[in-house]
Amino acid sequence: MLGRGTLSSGLRRAAGAVRWDVRELMDESAYGRYVTHARSRDPAVSVLSRREFERMRTDRQESDPSGGFRCC
């Protein structure tokens with residue numbers, strides 16, 4: 001029989017895995033990957049803010065409709 005700690009630990013792990021999957025599916029982790037990549041190349045680099053990054057990414061996606069961004 002599973003103890004309470006084991007069950008809650010398992011639920012936390014499962015919830016974390018679901019959260020990770022959703023973030024990857026929705027590409028929410030793109031900003032984190034961008035920051036990690038930029039700082040690995042030059043630790044002193046000034047990275048874009050989250051808002052600036054999302055604006056740049058959206059502009060780039062909208063400029064190339066063949067990328068599948070637009071539905072109509």
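Structure: see above.
> Can you help me understand the pattern of salt bridges in this one?
Where side chains of opposite charge bring their charged atoms close, a pairing between them can arise. For the structure on display, the rule yields three salt bridges. For arginine 57, the salt bridge identified is with glutamate 54, shortest N-O distance 3.3 Å. With arginine 57 and glutamate 54 both in helix 3 (residues 50-63), this residue pair falls three residues apart, about one helical turn. Glutamate 54 gets classed as partly exposed once you look at its relative accessible area, which sits at 23%. Note that aspartate 59 and arginine 55 form a salt bridge whose closest N and O atoms lie 2.8 Å from each other. Taken as a pair, aspartate 59 and arginine 55 lie in helix 3 at a separation of four residues, close to a single helical turn. Exposure remark for arginine 55: the relative accessible area of 46% places this residue in the partly exposed category. One network of salt bridges, with partners in common, ties together Arg50, Glu54 and Arg57.

Rules used in this analysis
Residues numbered from 1 in each chain as written. Predicted model: local features only at pLDDT ≥ 70, side-chain atom pairs only at ≥ 80, totals over all residues. Heavy atoms only, no water. Salt bridge = Lys/Arg side-chain N within 4 Å of Asp/Glu carboxyl O. Helix = DSSP H or I, 4+ residues; strand = E, 2+ residues; numbered from the N terminus. Buried < 20%, exposed > 50% of the residue type's maximum accessible area, 1.4 Å probe, protein only.

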